[in-house]
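So you can see what is in the structure, the chains are spelled out below.
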Amino acid sequence: GENVEQHPSTLSVQEGDSAVIKCTYSDSASNYFPWYKQELGKGPQLIIDIRSNVGEKKDQRIAVTLNKTAKHFSLHITETQPEDSAVYFCAASEETSYDKVIFGPGTSLSVIP
Amino acid sequence: GAVVSQHPSWVICKSGTSVKIECRSLDFQATTMFWYRQFPKQSLMLMATSNEGSKATYEQGVEKDKFLINHASLTLSTLTVTSAHPEDSSFYICSARLAGDLTDTQYFGPGTRLTVL
């Protein structure tokens, strides 16, 4: 089955700086890679996703890149703000009849004002 | 759009009792819903996948007789933790996929905090 690794586990940045979180996956058949933001005590919120036929996707301050050959994908947050502080999870699809996703272990991001 | 709710948001129960958690898609129909469990400072672990009108598919290591899942309609799935014990205390989160959606996008509920005394 799919295995997703994520680095770093914790990340502190100054407000206004950029943050980068990297993930690797094991199943070359995976074709869907979402990123979720989870605030304390809440459910995950989809912030951006990318599919295997695309190498990069942007949405305002957030961008995701995908390297299928190397089986890794990254989340880039620019001009970070204190409200970006949360736990971020990457995930990768697993090819089953229900297309479930497997989550990485998470990255706790702290944006220091 | 694509809002998922869970009820209750938190519950405290005595050891040995059963607890039911509801997951509803409020503004869309969901043929597939997923149930996750999350322990403190850990990632989400998929417990089971439920499809409307059929039996749930459980992940390896998840006891199907302990975690009963019912997906009776296109907007409601329920998870019942039977004979709950303190080790079942966790954050339970559901997600739903839009019926007919060709993508894999899952929309998550706010979670239910279960504490078993």
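Summary of the structure given here.

The rules we used
- Residues numbered from 1 in each chain as written.
- Chains lettered and ligands numbered in written order.
- Predicted model: local features only at pLDDT ≥ 70, side-chain atom pairs only at ≥ 80, totals over all residues.
- Heavy atoms only, no water.
- Helix = DSSP H or I, 4+ residues; strand = E, 2+ residues; numbered from the N terminus.
- Rg over C-alpha atoms; globule rule 2.2 N^0.38 Å.
- Buried < 20%, exposed > 50% of the residue type's maximum accessible area, 1.4 Å probe, protein only.
- Contact = heavy atoms within 4.5 Å.
- Areas by Shrake-Rupley, 256 points an atom, 1.4 Å probe, with all protein chains shown as cover.
- Lys, Arg positive; Asp, Glu negative; His and termini not counted.
- Charge placed at Lys NZ, Arg CZ, Asp CG, Glu CD.
- Pairing = 2+ DSSP bridges.
- Axes fitted to C-alpha atoms, helices over the stretch in contact; angles between N-to-C directions.
- Buried area = accessible area lost by both parts, 1.4 Å probe.
- Salt bridge = Lys/Arg side-chain N within 4 Å of Asp/Glu carboxyl O.
- Polar contact = N/O pair within 3.5 Å; in protein donor to acceptor, adjacent residues only side chain to side chain.
- Nonpolar A, V, L, I, M, F, W, Y, C, P; charged D, E, K, R; others polar.

## A short note on the overall build of chain A
When its secondary structure is counted, chain A shows 0 helices and 11 strands. When the helices and strands of chain A are placed in sequence order, the string is β-β-β-β-β-β-β-β-β-β-β. The globule rule puts the C-alpha radius of gyration for 113 residues at 13 Å, and the 14 Å found for chain A is close to it. Over its C-alpha atoms, taken along the principal directions, chain A stretches across nearly 45 × 30 × 20 Å. Going through the 113 residues of chain A one by one, you find that 44% of them count as buried. Intrachain contacts of chain A at a sequence separation of at least 6 include 54% that bridge at least 24 residues. When the accessible surface of chain A is totalled, it reaches about 5,400 Å², and 47% of it is carbon and sulfur. Between the centroid of the 10 positive side chains of chain A and the centroid of its 15 negative side chains there is a distance of 3 Å.

## Considerations on the side chain of aspartate 84 of chain A
By secondary structure assignment, the location of aspartate 84 of chain A is in the loop between strand E8 (72-77) and strand E9 (86-93). Not counting residues up to four positions away in its chain, the partners in contact with aspartate 84 of chain A are Lys37, Arg61, Ile77, Glu79, Leu109 and Val111 of chain A.

## With respect to the environment of glycine 104 of chain A
Residues and elements named next belong to chain A. Within the element layout of this structure, glycine 104 appears in the loop between strand E10 (101-103) and strand E11 (107-112). By relative accessible area, which is 0% here, glycine 104 ends up buried. Between the C-alpha atom of glycine 104 and that of valine 64, which follows or precedes it by 40 residues, the distance is 15 Å.

## Things to note about the sheet that holds strand E1 (residues 4-7) of chain B
All names here are of chain B. In space, the 4 strands of this open sheet follow the order E1-E3-E8-E7, with antiparallel pairing throughout. The open sheet has two free edges, formed respectively by E1 and strand E7 (67-73), since each of these has just one partner strand. Here the strands of the sheet are splayed against their neighbours by 15 degrees on average, with no regard to which way each runs. In terms of strand pairing, E7 meets strand E8 (residues 76-81) through 5 bridges, oriented antiparallel. Directly across from phenylalanine 67, in E8, lies its bridge partner valine 81.

## Topic: the interface of chain A and chain B
Contacts between the two partners involve 20 residues from chain A and, on the opposite side, 21 residues from chain B. In total, chain A and chain B occlude about 1,600 Å² of area from one another, counting both sides; carbon and sulfur atoms represent 53% of this. The tally of links between chain A and chain B comes to 1 salt bridge. One salt bridge in this structure joins glutamate 59 of chain B and lysine 100 of chain A, with 2.7 Å as the shortest N-O distance. Run the count over chain A and chain B and you get 6 residue pairs in polar contact (both at pLDDT 80 or more). Among the secondary structure elements, those contributing two or more residues to the side of chain A that touches chain B are strand E4 (32-38), strand E5 (45-51), E9 and E10 of chain A. Taken together, the residues that form the side of chain A that touches chain B break down as 9 nonpolar, 6 polar and 5 charged.

## A look at the sheet that holds strand E3 (residues 19-25) of chain A
Residue and element names in this part refer to chain A. Across the sheet, 5 strands lie side by side as E1-E3-E8-E7-E6; this open sheet has antiparallel pairing. The sheet is open, and its two borders are formed by strand E1 (4-7) and strand E6 (56-59), each paired with just one other strand. Looking at each pair of strands side by side, their axes are set apart by 15 degrees on average, direction ignored. As paired strands, E3 and E8 are joined by 6 bridges and run antiparallel to one another. Directly across from isoleucine 21, in E8, lies its bridge partner leucine 75.

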